[in-house]
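Structural description and commentary
These are the residues of each chain, in order.
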Number of protein chains: 2
Amino acid sequence: MNEDRLSHIIKAALSGDSTLVVKNANVVNVFTKEIMHADVAVYDDTIIGVGSFSGKNEYDAHGAYLCPGFIDAHVHIESSMVTPASFSDIVLEHGTCAVIADPHEIANVFGAAGVRAMRSLSDGVPLDVRFMTPSCVPATKLETSGASLSAEDMAQLIAQGVTAGLGEVMDFGAVARCEPDMLKKLSLFDGKIVDGHAPMMSGLMLNAYRAAGPATDHEFSTFGEFIEKLRAGMYMLLRVGSAANDIGAILTRIARDKLPTDRLMFCTDDKHIEHIMREGHINAIARLAVKCGISPVDAVCMASCNAARAYGINDMGAIAPGYRATMVLFDDLEEFSVRDVFVSGKPYKRPAHAAAPRCFAEIPQFYDSVRYAPLTAESFSLFTDEYADVIKLKDGTLVTELVKRRVNTENGVYMPTARLNKLAVIERHRATGSMSVALVEGFGLAGGAIASSVGHDSHNIIVVGDNDSDMLAAVDALKTCGGGYCAVRGGKTAAILALPIAGLMTDAPISQVIQRQHELLNAAKLMGAYGASDPLITLSFLALPVIPRVRLTDIGLFDAAEQRFIYVGNGRKKQ
Amino acid sequence: MNEDRLSHIIKAALSGDSTLVVKNANVVNVFTKEIMHADVAVYDDTIIGVGSFSGKNEYDAHGAYLCPGFIDAHVHIESSMVTPASFSDIVLEHGTCAVIADPHEIANVFGAAGVRAMRSLSDGVPLDVRFMTPSCVPATKLETSGASLSAEDMAQLIAQGVTAGLGEVMDFGAVARCEPDMLKKLSLFDGKIVDGHAPMMSGLMLNAYRAAGPATDHEFSTFGEFIEKLRAGMYMLLRVGSAANDIGAILTRIARDKLPTDRLMFCTDDKHIEHIMREGHINAIARLAVKCGISPVDAVCMASCNAARAYGINDMGAIAPGYRATMVLFDDLEEFSVRDVFVSGKPYKRPAHAAAPRCFAEIPQFYDSVRYAPLTAESFSLFTDEYADVIKLKDGTLVTELVKRRVNTENGVYMPTARLNKLAVIERHRATGSMSVALVEGFGLAGGAIASSVGHDSHNIIVVGDNDSDMLAAVDALKTCGGGYCAVRGGKTAAILALPIAGLMTDAPISQVIQRQHELLNAAKLMGAYGASDPLITLSFLALPVIPRVRLTDIGLFDAAEQRFIYVGNGRKKQ
């Protein structure tokens, strides 16, 4: 606080002169873990007292429960496909007032400038967005990303106040091998918060990883894994997102064993806007926690102050003098239905947005990031012998299998087969011409193609289809709209969701985004895509080479189990 | 951690190669609040694993309790009268491995250079000493201090990494009045830890004070005061020092009400070295806490990790991979008797000290700070009418009364009376000639004088006696030895404790310091000083104008209740 503001706050607190009094609330005190019937006096954006107050501007809480604003400890905003402003609209209505965001996706497209763009897009938004520095850009050397983020870039982002800590360190191999670049990054963030990402990590590896810096984890699936990491000193982020939500048993065990909860917090990581609107956000995890036996006040702390402390949001996480008056009023502490939200001392109303900026000065291609070398239908040819390597999808999981299938060929070129689709990944950042083609079983498209510029983690174009011309049409449609998702059926665009910002996000209204997603899913279904899993998510993750077992990057078909390319480009040509 | 160290730690953790294994310990896990039978593997100064380990260098704990090194959250090292090196020797044997030190005393003598001197004297000492920036130097405008500490000085101390936060903000009047200099200091430490000092503070004033920045308090005497401050978001420092130790009832209530203890920690503030050696240090407070019903593991957390988190000592406060291997082995978690201490991975042995540096380059008068204008016995004359204003001591408290006593005078000059002593304060930093004289009842000296260069908070010379020539002799003896305490009886030096560093500390052996203190107390007793209170402490606090009701500074006799000088200098001369 500067001296002027300090002086105003001190005078207001001394006199009790407020700009807002929230009367008759059941206030959750995170320090004593009491629920106290009290009024909360606010001056400007700051809480100046909890007790008995009156003022010119009173809000009657009628005994509802006033909590510190909830915090999502780990989220990728880009994966919501909307801008931080729209994301803010969605989550604030559920009481999430701050997020720790890892702009990993846009960093893979635009590098440090992309991170700065996310910062810039978040400034002035009611949601308090704190950014971590994506630690692994490019994610791997197995694909062509749009940008890289060096330790030097990171140092600059810290110096500019853009990022607070280091984002999830996924490349634990690089840590274990003491790769100089990784050590440089870790040492750069010495004394700052470093997020971990350590699925199944245990024993000596966990010791080494923790000692190296990563101090949080959100990738655990059993209580045994949870407790080992907690004992080792990791902050534990209990995650309920769209894909991952299996923490009920762990929460129940935490409650049963009366474990301390002060190092536990909540996160969503990735949660679709439609799911958020239906189920809630961090409040949905608090609801689950209470259902599992966690005390309501502990759940509130896990949803607020624990994250605030871990991530250094010093003025959030409590309702006490000097804290920012960003608070949520819940009808109760079981369902956590939001009655009202206060942001920086004012009742929150969903704002009527001005349009997002049409460009971000630092990135000329901000709205025009889809650039690939000229393509024809022939570009999608696949060279193979009669026993082709095929990616086999499994229902209900992103994990794939590698299988051999007998196929028809003509002069060594694959000829369409009903049960297989073609999959292609096309470098789309600098038009290098790098692309590859493979076969996929289990997608089930007939008579069309679906393409996307969201392809984890490098976000090249990924396209699936049963014929080359529809695949080409779908890819070209993406170029026209600046990226997104497109379904082409029988040569015609059946549905399109334009994501023109970096090919990842849109500033279109939320309702329109949801509408377009429905249209895309319908189109996919009409073309025969299996209904159980979301074909759009399935597609976007088929390029991620860190998930077993076999993936396609712009470089080639990669066997993650054996850590080798099965082939590069368009397959094996006959000698 | 730099990259080289990171690489060594990662490799050691991965392989389990250690430089020390503490075998068979009952390890306190502050994250899960479990006590786990385990081995702790250490590489160099860092913990690399807790579990089952063996190594070339094993230490068998035989089931004793291994805890993170204890932390004193608030202490004035100068008040121990020994250097940080000696202080380290004393407290480490009781398991205190880090302290948050407020170098308020030396700052009043030498300003920012004094703070840097304390930093420099603490470097390389086994005890981890973190410094706060003294917030109130000079303490008041009612006395002449040796130096001042401006906001600019503070900014420099932060930039140089000398200090971490702002020391106890005692001048809450300046906060309430929004004095620009105070606001400047507070805003300078925005986002950093600011210590409070808020005796009896409550209600709106507490709200304003807390909102302004101070986030800790150690000046509470009832449970009501404690809980109000805890609710307001203050970290609460439970203090057991030499003078203040009345927290048993509060601890009992905390235990009974099952209050969360994660924002509570321990401090000593001021504790004499003899008391530390007899009773212990932070471990003595842990012992008391457990006796009062606090769970042993919670007491360990209050003594370690809670303070580490509040004061940002990131690598202390836990026994887990990546933390510094600074640990205490206790026989049990009730008495907290120390079996062994490990500092940065090595068993601690009291070092055979090299002598402290004979000077600190930045301060020429480091060992020669006692400088006053020429004095004669006549300088101690007191001018008064037959009803003199007298400071009346009360047994068992530092609080005094103001009384009128009928006295003999000759030409308006006070003539000695058996039941009264003379008290004088003499500016001793820049030989300005500023001095004052008053009468004190209840000290009881006969046939001698006691002088000291420790006179809170400005540390001018304060001297008490029944005759002017012994007073002069006692003061002059201090000049000769560079400051300290001196008792003169019948014209001869009866006992002397030289404190040549800033007139506050000595690098003499601890045993000698204790011996000299005993000699001083004996001499005082022989001269008739009342036995109940410590006459040395009583003397040093008679100059502190913030304690009611009446005090003597070098400027004059001050009425703290009415906030005015009763007279200045040597009393009221006849018109």
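This text follows the structure it describes.
Owing to the predicted nature of the structure, the values given are computational and were not obtained by experimental measurement. (Residues numbered from 1 in each chain as written. Chains lettered and ligands numbered in written order. Predicted model: local features only at pLDDT ≥ 70, side-chain atom pairs only at ≥ 80, totals over all residues. Heavy atoms only, no water.)

Comments concerning the overall build of chain A
A tally of regular secondary structure across chain A gives 16 helices and 29 strands. In summary, chain A has a C-alpha radius of gyration of 25 Å against a globular reference of 25 Å for 575 residues, a match within 12%. In terms of its C-alpha atoms, chain A occupies a principal-axis envelope of roughly 90 × 50 × 45 Å. Out of the 575 residues belonging to chain A, those deemed buried represent 63%. (Helix = DSSP H or I, 4+ residues; strand = E, 2+ residues; numbered from the N terminus. Rg over C-alpha atoms; globule rule 2.2 N^0.38 Å. Buried < 20%, exposed > 50% of the residue type's maximum accessible area, 1.4 Å probe, protein only.)

Notes on the interface of chain A and chain B
If you look at the interface, chain A gives 53 residues, while chain B gives 53 residues. For the pair chain A and chain B, the summed buried area comes to about 4,300 Å², and 64% of that belongs to carbon and sulfur atoms. Taking the shortest distance from any N to any O, the salt bridge between Arg231(B) and Glu34(A) comes out at 2.8 Å. At the junction of chain A with chain B, the criterion picks out 10 residue pairs in polar contact (both at pLDDT 80 or more). Put simply, the parts of the chain that give the side of chain A that touches chain B at least two residues each are helix H1 (3–15), strand S2 (34–43), strand S3 (46–51), helix H5 (172–176), helix H6 (180–188), helix H7 (203–212) and helix H8 (223–231) of chain A. (Contact = heavy atoms within 4.5 Å. Buried area = accessible area lost by both parts, 1.4 Å probe. Salt bridge = Lys/Arg side-chain N within 4 Å of Asp/Glu carboxyl O. Polar contact = N/O pair within 3.5 Å; in protein donor to acceptor, adjacent residues only side chain to side chain.)

A few points about the packing of aromatic side chains
Considering all chains together, one arrives at 22 aromatic pairs over all chains under this definition. Here a set of aromatic residues connected by ring pairs shows up, and it is made of Phe110(A), Phe360(A), Phe366(A) and Tyr367(A). The residue whose ring lies beneath Arg263(A) is Tyr235(A), and the NZ or CZ to ring-centre distance is 4.0 Å. Taking NZ or CZ as reference, Lys479(B) lies 4.5 Å from the ring centre of Tyr372(B), over its face. (Phe/Tyr/Trp six-rings, centres within 6.5 Å; stacked < 30°, edge-to-face > 60°. Lys NZ or Arg CZ within 6 Å of the ring centre and 35° of its normal.)

Observations concerning the sheet that holds strand S24 (residues 461–465) of chain A
Within a sheet, each strand pairs with its neighbour through backbone hydrogen bonds, oriented either parallel or antiparallel. All names here are of chain A. Strand order in the open sheet formed by 8 strands is S18-S17-S22-S21-S24-S23-S25-S26, with mixed pairing between adjacent strands. The outermost strands of the open sheet, each flanked by one partner alone, are strand S18 (400–406) and strand S26 (492–498). Averaged over neighbouring strand pairs, the angle between their axes works out to 25° when direction is ignored. With 6 bridges joining them, strand S25 (residues 484–489) and S26 adopt antiparallel strand pairing. Note on S26: the bridge partner recorded for Ala 487 is Ala 495. Contacts between helix H14 (residues 468–481) and the sheet are confined to strand S21 (420–426), strand S23 (448–452), S24, S25 and S26, with S25 contributing the most and set at about 145° to the helix. Against the sheet, helix H15 (residues 510–526) engages S23, S25 and S26, with an angle of about 145° to S26. (Pairing = 2+ DSSP bridges. Axes fitted to C-alpha atoms, helices over the stretch in contact; angles between N-to-C directions.)

Here we look at the relation of the copies chain A and chain B
Aligned on chain B, chain A shows an RMSD of 0.1 Å; the corresponding rotation is 180° and the shift along the axis is 0.0 Å. The superposition of one copy onto the other is thereby described by a two-fold rotation axis. No C-alpha of chain A approaches the rotation axis more nearly than that of Asp262(A), which lies at 4.2 Å. (Least-squares fit on C-alpha atoms with pLDDT ≥ 70 in both.)

Describing the pattern of salt bridges
All names here are of chain A. A full pass over the atoms with the stated rule returns 73 salt bridges over all chains. Residue Asp 331 is joined to Arg 339 by a salt bridge in which the shortest nitrogen-to-oxygen separation is 2.7 Å. Asp 331 sits in the partly exposed class, given a relative accessible area of 36%. The exposure class assigned to Arg 339 is partly exposed, which follows from its relative accessible area of 36%. Taken together, the shared-partner salt bridges in this structure form one network comprising Asp 128, Arg 130, Asp 315 and Arg 324.

What about the environment of Ala232(B)?
Position of Ala232(B) among the secondary structure elements: in the loop between helix H8 (223–231) and strand S12 (235–239). A relative accessible area of 6% places Ala232(B) in the buried class. The sequence separation of Ala232(B) and Ser202(B) amounts to 30 residues, and the corresponding C-alpha distance is 9.8 Å. Among residues more than four places away in sequence, those in contact with Ala232(B) are Phe31(A), Ala320(A), Pro321(A), Leu206(B) and Arg210(B).

A closer look at the pairing of strand S13 (residues 264–267) of chain B
Residue and element names in this part refer to chain B. Side chains of S13 alternate between two faces, with Leu 264 and Phe 266 and Met 265 and Cys 267 buried alike. Pairing geometry for S12 and S13, over 4 bridges, is parallel. Paired with Leu 237 across the two strands is Met 265, which belongs to S13.

Things to note about the environment of Ile77(A)
Within the fold, Ile77(A) resides in the loop between strand S6 (70–75) and helix H2 (84–92). Beyond its immediate sequence surroundings of up to four residues, Ile77(A) is in contact with Val82(A), Pro84(A), Phe87(A), Val99(A), Ala101(A), Met118(A) and Val129(A).

Things to note about the side chain of Asp195(B)
Residues and elements named next belong to chain B. Structurally, Asp 195 is set in strand S10 (residues 194–196). For the buried Asp 195, no salt bridge exists, and the shortest N-O distance to an oppositely charged side chain is 11 Å, to Arg 210. Only 2.6 Å separates the side chain of Asp 195 from the side chain of Thr 216, close enough to count as a polar contact. Residues within four places of Asp 195 in sequence aside, it is in contact with His 74, Met 132, Leu 166, Gly 167, Glu 168, Val 169, Tyr 209, Pro 214, Thr 216 and Tyr 311. (Lys, Arg positive; Asp, Glu negative; His and termini not counted.)

Description of the environment of Met277(A)
When you line up the elements, Met277(A) lands in helix H10 (residues 273–279). For Met277(A), the residues in contact, after removing those within four places along its chain, are Ile90(A), His94(A), Ile510(A) and Ile514(A).

Some details on the sheet that holds strand S27 (residues 550–552) of chain B
Residue and element names in this part refer to chain B. Pairing within the open sheet is antiparallel, and its 3 strands lie in the order S27-S28-S29. If you trace the sheet from one side to the other, it starts and ends with S27 and strand S29 (564–568), each paired once. Taking the axes of each pair of neighbouring strands and ignoring which way they run, one obtains an average angle of 20° across the sheet. As judged from the 3 bridges shared by S27 and strand S28 (residues 556–559), these two strands associate in the antiparallel manner. Within the sheet, the bridge partner assigned to Leu 552 lies in S28 and is Leu 557.

Observations regarding the pairing of S3(A)
Here S2(A) pairs with S3(A) via 5 bridges, running antiparallel. Within S3(A), the position partnered with Asp39(A) by the bridge is Gly51(A).

Things to note about H8(B)
Quick reminder: α-helices carry 3.6 residues per turn. Residues three or four places apart thus point the same way. Residues and elements named next belong to chain B. All buried positions along H8 are accounted for by Phe 223, Glu 225, Phe 226, Ile 227, Lys 229 and Leu 230. The elements touched by buried residues of H8 are helix H7 (203–212), strand S11 (216–217), S12, helix H9 (248–256) and S13. Positive backbone phi, approximately 100°, marks Gly 233, located one or two places after H8.

Things to note about the state of the cysteines
Residues and elements named next belong to chain A. Applying the stated criterion across every chain yields a total of 0 disulfides over all chains. The structure places no disulfide on Cys 67, whose sulfur is separated from the nearest cysteine sulfur, that of Cys 301, by 9.1 Å. Not engaged in a disulfide, the cysteine Cys 486 finds its nearest cysteine sulfur in Cys 481; these two sulfurs lie 6.8 Å apart. (Disulfide = S-S within 2.5 Å.)

So, the packing of helix H4 (residues 151–159) of chain A against H6(A)
All names here are of chain A. Two elements in contact, H4 and H6, have axes whose closest approach is 9 Å; the angle formed by their N-to-C orientations is 15°. Looking at the two axes, H4 sits roughly parallel to H6. For the element pair H4 and H6, the recorded crossing hand is right-handed. Each of Ala 151, Glu 152, Met 154, Ala 155 and Ile 158 in H4 lies in contact with H6, whose residues at this interface are Lys 184, Lys 185 and Leu 188. Residues belonging to the contact of H4 with H6 are distributed by class as follows: 5 nonpolar, no polar and 3 charged. (Parallel < 35°, antiparallel > 145°, perpendicular 65-115°, else oblique. Left-handed = near helix turned anticlockwise from the far one by under 90°. Nonpolar A, V, L, I, M, F, W, Y, C, P; charged D, E, K, R; others polar.)

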